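As a plain string of letters, each chain reads:
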Amino acid sequence: MTNRAVDAPALRVPGRLTAPGPGWTTRSDVVVIGSGIAGLTAALRLRGQVDKILVVTKDVLAAGSTQWAQGGIAAALGPGDTPDEHEIDTLVAGAGACDLEAVRVLVNEGPEAVRELIALGTKFDHSSDGELSLTREGGHHRDRIAHAGGDATGAEIQRALIAAIEQAPEIEVIQHALAVDLLLDEAGAVAGLTLHVMGEGQRDGVGAVHCRAVVLASGGLGQVFSQTTNPAVSTGDGMAVALRAGATLRDLEFVQFHPTVMYLGPDSRGQQPLISEAVRGEGAFLVDFEGNRFMRGVHELADLAPRDVVAKAITRRMNETGHPHMWLDARHLGLPASVPYGDRAASEASVSRFWERRFPTILATTRSHGVDPVTDLIPVAPACHYASGGVRTDLWGRSDVPGLYATGEVACSGVHGANRLASNSLLEGLVFSRRIASVLPGELRPWSEPVAVDRRTAGLVSGSVRRELQEVMTSRAGVLRSAVGLSDAGLLLDKLAGVPAALVDQESWETTNLVTISAALADAAALREETRGSHWREDFPERDDAHWAGHFDVVMTDGVATMAFVSSQASDGMA
Ligand code: SIN
């Protein structure tokens, strides 16, 4: 691997968030930031191995992205399936940017990790013969996705994990707690963090937690864009906190846009309803306004091509036809082979029964927006869904900062490369949190004193710029990117970063985090002059392994963030 510095503008973002001095303090050996599958798995597995564990979460325990996951969790659990086949599908989707060793860890440890989740009490769906029911999603060549409650997989996993946490009095939980910044000791290792807590009795306002290790499991950055499937809490806080503490962020430009997000109109902003890829896995297909099935001929898997391929095809068709969305036809799902496809009147009841059993959540959501998928086409367009990049970690979840571990969407373990394979995200959180819990206790550092905070690089961006930031990122660093748009984005973000906050509050902290991550993301996207995975450049439409097989890393030193390119061998067996 070679490292080459690149000519990127220094990011104008604070090296620390302005915050009042801590009004309260507490101690815990390990602090887990985040309460989705990654965070709660880490906490549960650390139990009994370290004295005190504290889980902090920005909202309530169930408010993160895990709760919203529909499709399921991928693992080679079905008859005839193997980790090797899962590996191949993962590498192909990742478009030459995966870390092969990390992928091998994921696919080989995945089945056991899912079985453990079942033993914990997660109730996955089973077929009538009692076998685990497995479905297919984009990029998978086998039925490999375990699901629960039809399309409520994340909610069921979250329920089971919270139930287990409630039975573990030795794990303390603080809700409504935003991690502001890490506290480091003289050696640059984790010594604690500052937290802002809203309304938790004596622990109200900004406080300091002294600790010996932090596990970051705080999720992604979806709120960087105007339309996303992510909940409101996904403001990139964990990545920004890690960057300011000296950790490396990797692959930020690889943001996945889910192809089939329900289109609610031009003014709809924030979290949008996801129409799971599993709906296509069960036979739904995309059509344009003339009824043409435009995925045919685009890829051998047609409507079940990897996510980036489908998102690009939809966007192309939207651009060619001038329509703001395409359509998903799922009016035939569950029809017995004996019912002729055209005989809708006779088949509606059977389609309706299928929807109610298999996709109850999506059915309720689309109907609440006036679209009945049993009889209507569903309007869909791509929207931001998942950050494949994040805090760079090794195979054991370690970041570059001693005592700081990262897992789940906040991390870049190397398993997703340039485009995450469907339903690999819950699995990644599960597998790598188990790994962290297996090494962290043996690596716990002695208690150390945080060094005094250098406030010279502190600052805050006004919360009032958030909406404009999201518009800038969506229009210029979204699904389709170009040099002109990205350079524009850089200038506009620089301007927004210079709007100082009048108030020191959660809105300003989150917005500063969003600006920080957006600036790094847009810079990396501008530098990557090729199309790879979910990074689609209209001015560089081909993948270019000769120049861009590798990663953009961003680090911050003394409040100045810089970017480097680390080249590597392409590892999807394609190059
Ligand atoms: C989906 O259900 O389509 C989303 C699954 C995923 O993001 O992996």
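Calculation criteria
Residues numbered from 1 in each chain as written. Predicted model: local features only at pLDDT ≥ 70, side-chain atom pairs only at ≥ 80, totals over all residues. Heavy atoms only, no water. Near = heavy atom within 4 Å. Polar contact = N/O pair within 3.5 Å; in protein donor to acceptor, adjacent residues only side chain to side chain. Areas by Shrake-Rupley, 256 points an atom, 1.4 Å probe, with all protein chains shown as cover. Nonpolar A, V, L, I, M, F, W, Y, C, P; charged D, E, K, R; others polar. Helix = DSSP H or I, 4+ residues; strand = E, 2+ residues; numbered from the N terminus. Contact = heavy atoms within 4.5 Å. Phe/Tyr/Trp six-rings, centres within 6.5 Å; stacked < 30°, edge-to-face > 60°. Lys NZ or Arg CZ within 6 Å of the ring centre and 35° of its normal. Buried < 20%, exposed > 50% of the residue type's maximum accessible area, 1.4 Å probe, protein only. Axes fitted to C-alpha atoms, helices over the stretch in contact; angles between N-to-C directions. Parallel < 35°, antiparallel > 145°, perpendicular 65-115°, else oblique. Pairing = 2+ DSSP bridges.

Peer 1: Now, about the site of the ligand: what can you tell me, with residues and values included?
Peer 2: Taken together, Gln-70, Gly-71, Glu-137, His-258, Leu-274, Ser-276, Glu-277, Arg-307, His-385, Arg-420, Ala-422 and Ser-423 make up the full set of residues near the ligand. Between His-385 and the ligand, the recorded distance is 2.6 Å, taken from a side-chain N or O atom to an oxygen atom. For the ligand, an oxygen atom lies 2.7 Å from a polar atom in the side chain of Arg-420. Taking 250 Å² as the accessible area of the ligand by itself, protein coverage stands at 94%. Its residues assigned to classes, the shell around the ligand shows two nonpolar, six polar and four charged.

Peer 1: Describe the side chain of Lys-58, naming the residues involved and giving the relevant values.
Peer 2: With respect to the helices and strands, Lys-58 occurs in the loop between β5 (53-56) and β6 (73-74). In terms of polar contacts, Lys-58 uses its side chain to reach the backbone carbonyl oxygen of Val-233, at 3.0 Å. The residues contacting Lys-58, other than those within four sequence positions of it, are His-176, Ala-177, Leu-178, Val-233, Thr-235, Asp-237, Gln-506 and Glu-510.

Peer 1: How would you summarise the packing of aromatic side chains if you had to cite specific residues and measurements?
Peer 2: The final tally for this structure, using the stated rule, is seven aromatic pairs. Taking 5.3 Å as the distance between ring centres and 55° as the angle between the ring planes, the aromatic pair formed by Phe-289 and Trp-327 counts as tilted. With a gap of 38 residues between them, Phe-289 in the loop between β18 (285-287) and α7 (307-321) and Trp-327 in strand β19 (residues 326-329) connect regions that are remote in the sequence. Cluster of aromatic residues (ring-pair linked, three or more members): Phe-354, Trp-355 and Phe-359. Of note, Arg-27 hangs over the ring of Trp-447, and the distance from its end group to the ring centre comes to 4.1 Å. Across from the ring centre of Tyr-386, 4.0 Å away, lies the NZ or CZ of Arg-420, which sits over that ring.

Peer 1: Pulling in residues and values, what's your account of the environment of Ala-19?
Peer 2: Relative to the elements of secondary structure, Ala-19 occurs in the loop between β2 (16-17) and β3 (25-27). Owing to a relative accessible area of 16%, Ala-19 belongs among the buried residues under this scheme. It is 29 Å that separates the C-alpha atoms of Ala-19 and Ala-524, two residues lying 505 residues apart in sequence.

Peer 1: Kindly report on helix α1 (residues 37-46), identifying the contributing residues and their values.
Peer 2: Burial analysis of α1 places nine of its ten residues in the buried class, which makes it a mostly covered element. Along α1, the residues that are buried comprise Ile-37, Ala-38, Gly-39, Leu-40, Thr-41, Ala-42, Ala-43, Leu-44 and Leu-46.

Peer 1: Go over the packing of helix α5 (residues 237-244) against helix α13 (residues 506-527) with me, naming the residues and quoting the values.
Peer 2: At a minimum axis distance of 9 Å, the contact between α5 and α13 shows a crossing angle of 75°. With respect to their mutual orientation, α5 and α13 come out roughly perpendicular. Seen from α5, the contacting residues are Asp-237, Met-239, Ala-240, Leu-243 and Arg-244; seen from α13, they are Glu-510, Asn-513, Thr-516 and Ile-517. For the contact of α5 with α13, the per-class residue count stands at four nonpolar, two polar and three charged.

Peer 1: Break down the sheet that holds strand β4 (residues 30-33) for me, with residues and values.
Peer 2: The strand order β9-β5-β4-β13-β22 describes an open sheet built from five strands, whose pairing is parallel. The open sheet has two edge strands with one neighbour each: β9 (171-174) and β22 (404-406). Averaged over neighbouring strand pairs, the angle between their axes works out to 20° when direction is ignored. Bridge count for strand β13 (residues 213-216) against β22 is three bridges, and the pairing is parallel. By the bridge assignment, Leu-216 is partnered in β22 with Ala-406. Across the sheet, α1 touches β4, β5, β9 and β13, and the angle it forms with β5 is around 170°.

Peer 1: So what's going on with the sheet that holds strand β7 (residues 134-135)? Residues and values would help.
Peer 2: The antiparallel open sheet is built from three strands, whose spatial order is β6-β8-β7. Only two strands of the sheet have a single partner each, and these edge strands are β6 and β7.

Peer 1: Which residues make up the pairing of β19, and what values go with them?
Peer 2: Burial of the side chains of β19 extends over both faces: Met-326 and Leu-328 are buried on one face and Trp-327 and Asp-329 on the other. Here β18 pairs with β19 via three bridges, running antiparallel. Within β19, the residue paired with Val-287 across the bridge is Trp-327. Here three bridges tie β19 to strand β20 (residues 378-387), and the two strands are oriented antiparallel to one another. Bridge pairing in β20 links Leu-328 to Ile-378.

Any functional reading would require information beyond the geometric quantities listed.
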